[in-house]
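What follows is the residue order along each chain.
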Amino acid sequence: MFKLGLCETDSPMAHNTDGEMEMKEMDIKSMSSSQRHIQYFPYIHKVGVPPKQDLFKEFTTTVKETFFADDPLRHFKDQPKSRKVVLGLQAVFPILEWAQSYNLSKFRGDLIAGLTIASLCIPQDIGYAKLANLAPQYGLYSSFVPPLIYAFMGSSRDIAIGPVAVVSLLLGTLLQNQIDPTENPAEYLRLAFTATFFAGITQVTLGFFRLGFLIDFLSHAAVVGFMAGAAITISLQQLKGFLGIKHFTKKTDIISVMQSVFGSAHHGWNWQTIVIGATFLAFLLVAKYIGKKNNKLFWVPAIAPLISVVLSTFFVYITHAEKQGVQIVKHLEKGINPSSVNQIYFTGDYLLKGFRIGVVAGMIALTEAVAIGRTFAAMKDYQLDGNKEMVALGTMNVVGSMTSCYIATGSFSRSAVNYMAGCQTAVSNIIMSCVVFLTLEFLTPLFKYTPNAILSSIIISAVIGLIDYEAMILIWKIDKFDFVACMGAFFGVVFASVEIGLLIAVSISFAKILLQVTRPRTAILGRIPRTNVYRNTQQYPEATKVPGVLIVRVDSAIYFSNSNYIKERILRWLTDEEEHLKAEYLPKIQFLIVEMSPITDIDTSGIHALEELHRSLQKRDVQLVLSNPGQVVIDKLHASDFANLIGKDKIFLTVADAVATCSPKLAEEI
């Protein structure tokens, strides 16, 4: 009772207490109201407009990023002239750099690796030369000079240089389309050297002018399909030597080859040849399987081809199987590479033909070599300069064309053996080259009785690895369009020809680029529940659309090639949404927000398309709003006065800011 009476008293203290409580209550209400106001209408940061850049500086920056993205001259900065000279020589000849730290331990690894890949390359080179319709010694020539040049100029520690199956087949196919190798062998050989010369010139040019990115236009999927198709074609071509057929089709498609094979079944097959080929093919495949199962036994599949050649040659020699119809190598020229400078066509009708063949074969050789080099560089965690590689590969082919070599490049099978054998530097290529030199000088007569069947078996066992079915399955899972490119290249090579398959591979690769550029993806965005984040409603079905607002994201730069499509696609999104809202009796769209984060650039056609979009939206009483344009885009929007056209207050930093302004009721709910 006493407390009640005290509370009800009219004393001044009581009045003061009541007044203070009322003031506090008003302050709390005011603070609460203020907090709600801040929450409903948060601070919105304006989109920054970059300062004007100097035109020359902008141009030089663009050129630098296009051609000198790796900043190749960074090592020369703040260096004395004498040091710059040394660095310049090391840039051209990387051997001058790594040779300073070379030691006996590294030489031991390179010696073992060099001897191992030499035992693999000698029988392969003889077989690959036949693929190119050349005499066997030209395959060995191409594993003598080019590896020496590459050892001084190349930057890869693991790549093994020499002729490869795919390039040999491609070169042979393109050359015989111009000259018959049996009727005009001398002219055919000259055209081969001419094509090799221009292949080297193409490679050097691409590397010197830093245009290596051009080879990336041949997609990985297309390369996988092309290589697999080439492997099938090469294997089919080997049936001539494997079965002992004397008269064989010059066409490479599977139908013509099968007709030729079965057409000569009754009178053209030689059973002794088949026994030799099948026996040693089985031996090579078993050796390959052993090496794959146990990496420590890498030397088994590496030395198996040489063992096969030695045993089969000895068997033919003692049994005189050549008299029973077994075809043999016969003559293999003794001695090192003769000069061929005078045999290259620098004038006449064959000059242009050699140039065309050289460019095509050189690009394929370059693609294979750079891919192999990058693969092993990543495995050993060192950097590989693609442009330096192109200069090195091109130089060795130019020099090779003048020393009786045909196109050489990086061999995946030999490089893999080189890597597993413990190579440390490019000295392994020098060791291999020395072994080939000794073979040319002293051992070539021993190959006289080597049966062609064993060479066919070696090539078949080597190219089987090019059929990467696991990569094909992965391509199917990841990207169906890539799989179409892969299969297009594969079937083009198998059922038509190597050049048709290559053309299909390049065409589909370019078609994919054009499709992605001209038909970019767009998406409708919605708000993720309990967040202020807006994402694709197809990826996040739980994302809700904002009433009265349509949010569209464009996932590409806007150029002349796609600007009209983007404008029409956005309007189609709007039309579809309005029809849906009308059917559901929901409020119509008042704002269209374009999320511009993925738009890296825009040209004048893109600006014009946005202006047309703005006019179309005005006719529908819909306001265009832009969200988060990048530095380049916002600069061009202001330069074109488009920002003033729609209103600078209609350009926001985030989608959430745009929604908060366009739909304050939703912002209050959030």
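About the criteria used
- Residues numbered from 1 in each chain as written.
- Predicted model: local features only at pLDDT ≥ 70, side-chain atom pairs only at ≥ 80, totals over all residues.
- Heavy atoms only, no water.
- Pairing = 2+ DSSP bridges.
- Helix = DSSP H or I, 4+ residues; strand = E, 2+ residues; numbered from the N terminus.
- Contact = heavy atoms within 4.5 Å.
- Axes fitted to C-alpha atoms, helices over the stretch in contact; angles between N-to-C directions.
- Expected span 1.5 Å × (residues − 1).
- Bend = angle between axes of the 7 residues up to and from the residue.
- Polar contact = N/O pair within 3.5 Å; in protein donor to acceptor, adjacent residues only side chain to side chain.
- Phe/Tyr/Trp six-rings, centres within 6.5 Å; stacked < 30°, edge-to-face > 60°.
- Buried < 20%, exposed > 50% of the residue type's maximum accessible area, 1.4 Å probe, protein only.
- Parallel < 35°, antiparallel > 145°, perpendicular 65-115°, else oblique.
- Left-handed = near helix turned anticlockwise from the far one by under 90°.
- pLDDT = per-residue confidence, 0-100.
- UniProt positions renumbered as here; feature names shortened; annotations may be inferred.
- Patch = residues over 30% accessible without salt bridge, like charges linked within 9 Å, V, L, I, M, F, W, Y side chains within 5 Å.
- Areas by Shrake-Rupley, 256 points an atom, 1.4 Å probe, with all protein chains shown as cover.
- Salt bridge = Lys/Arg side-chain N within 4 Å of Asp/Glu carboxyl O.

Q: What exactly am I supposed to notice about the sheet that holds strand E6 (residues 591-595) here?
A: Through backbone hydrogen bonds, the strands of a sheet pair up, either in parallel or in antiparallel fashion. Read across the open sheet, the six strands follow the order E4-E3-E5-E6-E7-E8; overall the sheet is mixed. Looking along the sheet, the strands with just one partner apiece sit at the ends: strand E4 (534-536) and strand E8 (651-652). Where strand E3 (residues 522-527) and strand E5 (residues 549-554) come together, three bridges link them in antiparallel fashion. If you follow isoleucine 524 over to E5, its bridge partner there is valine 552. Most of the contacts of helix H28 (residues 655-662) go to E6, to which it runs at about 170°, and overall it touches E4, E5, E6, strand E7 (623-627) and E8.

Q: Can you walk me through helix H6 (residues 104-131) in this structure?
A: For an α-helix, 3.6 residues make a turn, and residues three or four places apart therefore share a direction. Taking 1.5 Å per residue as the helical rise, H6 with its 28 residues ought to reach 40 Å, and the 39 Å between its terminal C-alpha atoms agrees with that figure. Of all the bends in H6, the greatest reaches close to 30° and is centred on cysteine 121; the proline proline 123 follows between one and four positions later. The N-cap of H6, judged by a side-chain oxygen 3.2 Å from the amide nitrogen of serine 105 a few residues on, is asparagine 103. Asparagine 133 sits one or two positions beyond H6 and adopts a positive phi of about 60°.

Q: In this structure, what is going on with the packing of aromatic side chains? I would like to understand it.
A: Working definition: an aromatic ring pair is given by the centre-to-centre distance plus the angle between the planes. Scanning the model with the defined rule gives 15 aromatic pairs in all. Where phenylalanine 198 meets phenylalanine 355, the ring centres are 5.5 Å apart and the plane angle is 85°; that geometry is what we call edge-to-face. On the criterion of sequence distance, the pair formed by phenylalanine 198 in helix H10 (residues 185-208) and phenylalanine 355 in helix H16 (residues 349-380) is long-range, its members being 157 residues apart. Of the residues examined, phenylalanine 355 reaches a relative accessible area of 38% and is grouped as partly exposed. Summarising the aromatic geometry, the rings of phenylalanine 376 and phenylalanine 412 are spaced 6.0 Å apart at their centres and angled 35° between planes, so their arrangement reads as tilted. One end of the pair, phenylalanine 376, is in helix H16; the other, phenylalanine 412, is in helix H18 (residues 412-420), with 36 residues separating them in the sequence. By the ring-pair criterion, three or more aromatic residues cluster together here, those being Phe197, Phe198, Phe346 and Phe355.

Q: Help me understand the packing of helix H9 (residues 165-176) against H16, please; the structure alone is not making it clear to me.
A: The description of two packed helices rests on the angle between their axes and on the distance between the axes. In contact at an axis separation of 10 Å, H9 and H16 are set at 170° when each is read in the N-to-C sense. Looking at the two axes, H9 sits roughly antiparallel to H16. On the side of H9, the interface is formed by Val166, Val167, Leu170, Leu171, Leu174 and Leu175, while H16 contributes Ile357, Val360, Ala361, Ile364, Ala365 and Glu368.

Q: How should the packing of helix H8 (residues 145-153) against helix H19 (residues 427-443) be read in this particular structure?
A: Close contact between H8 and H19 brings their axes to 8 Å; oriented N to C, the two are set at 160°. Taken together, H8 and H19 sit at an angle that is classed as roughly antiparallel. Crossing handedness for the pair H8 and H19: left-handed. Taken together, the residues of H19 that come into contact with H8 (itself represented by Pro147, Leu148, Tyr150 and Ala151) are Asn429, Ile430, Met432 and Ser433.

Q: Please explain the confidence of the model for the protein chain as it appears in this structure.
A: Low-confidence regions, as indicated by low pLDDT, have predicted coordinates that should not be scrutinised in detail. Residue-level pLDDT values for the protein chain average 89, and 93% of them are 70 or greater. Confidence drops under a pLDDT of 50 for residues 1-18, and excluding neighbours within four residues, the segment shows two contacts in the predicted structure.

Q: Help me understand the UniProt feature "domain: STAS" (unreviewed entry) in the protein chain in this model?
A: Here the UniProt-annotated "domain: STAS" (unreviewed entry) positions come out as residues 539-662. Secondary structure content for residues 539-662 is 48% helix and 15% strand, and the end C-alpha separation is 25 Å.

Q: Sorry, what's going on with the side chain of arginine 527 here?
A: Structurally, arginine 527 can be placed in strand E3. Note on arginine 527: relative accessible area 15%, which makes it buried. Within polar-contact distance, the side chain of arginine 527 engages the backbone oxygen of threonine 531 at 3.2 Å.

Q: Help me understand the environment of isoleucine 528 in this model?
A: Structurally, isoleucine 528 is set in the loop between E3 and E4. Aside from chain neighbours lying at most four places away, what touches isoleucine 528 is Val533, Arg535, Tyr540 and Ala543.

Q: Whenever I open this one, helix H14 (residues 271-293) confuses me. Can you help?
A: When the terminal C-alpha atoms of H14 are compared, their 33 Å separation across 23 residues agrees well with the 33 Å that a helix rising 1.5 Å per residue should span. Those residues of H14 not exposed but buried are Gln272, Thr273, Ile276, Gly277, Phe280, Leu281, Leu284, Ala287 and Gly291. Elements in contact with the buried residues of H14: helix H12 (239-243), helix H15 (299-319) and helix H20 (452-463). The distance from a side-chain oxygen at the start of H14 to the backbone nitrogen of glutamine 272 is 3.2 Å, and the residue carrying that oxygen is asparagine 270.

Q: Would you explain the pairing of E3 in this entry?
A: For a regular strand, the rule is simple: side chains alternate between the two faces of the sheet. Within E3, six of the six residues are buried, which leaves the element mostly enclosed by the surrounding structure. Judged by which residues are buried, E3 turns out to be covered on both faces: Thr522, Ile524 and Gly526 on one side and Ala523, Leu525 and Arg527 on the other are all buried. In the sheet, E3 pairs with E4 via three bridges, with the strands oriented antiparallel. Residue pairing in the sheet places glycine 526 in a bridge with arginine 535 of E4. Taking the residues between adjacent antiparallel strands as the criterion, E3 and E4 are bridged by six residues, where arginine 530 takes a positive phi near 65°.

Q: Teacher, can you tell me more about a nonpolar patch on the surface here?
A: A surface patch of nonpolar side chains, about 510 Å² in accessible area, is lined by Val85, Leu89, Val92, Phe93, Leu96 and Phe152. At three residues, helix H4 (residues 81-92) tops the list of elements feeding residues into the nonpolar patch. Among the secondary structure elements, valine 92 is positioned in helix H4. Assessed through its relative accessible area of 42%, valine 92 is described here as partly exposed.

Q: Would you take a moment to explain unusual backbone geometry for this structure?
A: With the exception of glycine, the majority of residues adopt a negative phi angle, and the majority of peptide bonds are in the trans configuration. Although it is not a glycine, aspartate 381 sits at a positive phi angle of roughly 60°. Examined against the element boundaries, aspartate 381 turns out to sit in the loop between H16 and helix H17 (386-401). With a phi close to 60°, aspartate 621 is a non-glycine residue in the positive phi region. Among the structural elements, aspartate 621 can be located in the loop between helix H25 (604-619) and E7. Relative accessible area serves as the criterion here: at 61%, aspartate 621 is assigned to the exposed category.

Q: Can you walk me through the pattern of salt bridges in this structure?
A: Using the criterion set out here, one finds eleven salt bridges in the structure. Here aspartate 158 makes a salt bridge to lysine 380, at a shortest N to O gap of 2.7 Å. Taken together, the positions of aspartate 158 in the loop between H8 and strand E1 (160-162) and lysine 380 in helix H16 put the pair 222 residues apart, joining distant regions of the chain. We classify aspartate 158 as buried; its relative accessible area is 0%. Between lysine 567 and glutamate 612 there is a salt bridge, with its nearest N and O atoms 2.9 Å apart. Note that lysine 567 is positioned in helix H24 (residues 563-583) and glutamate 612 in helix H25, a separation of 45 residues in sequence. Owing to a relative accessible area of 23%, glutamate 612 belongs among the partly exposed residues under this scheme. One salt-bridge network, held together by shared partners, links Asp479, Asp482 and Lys512.

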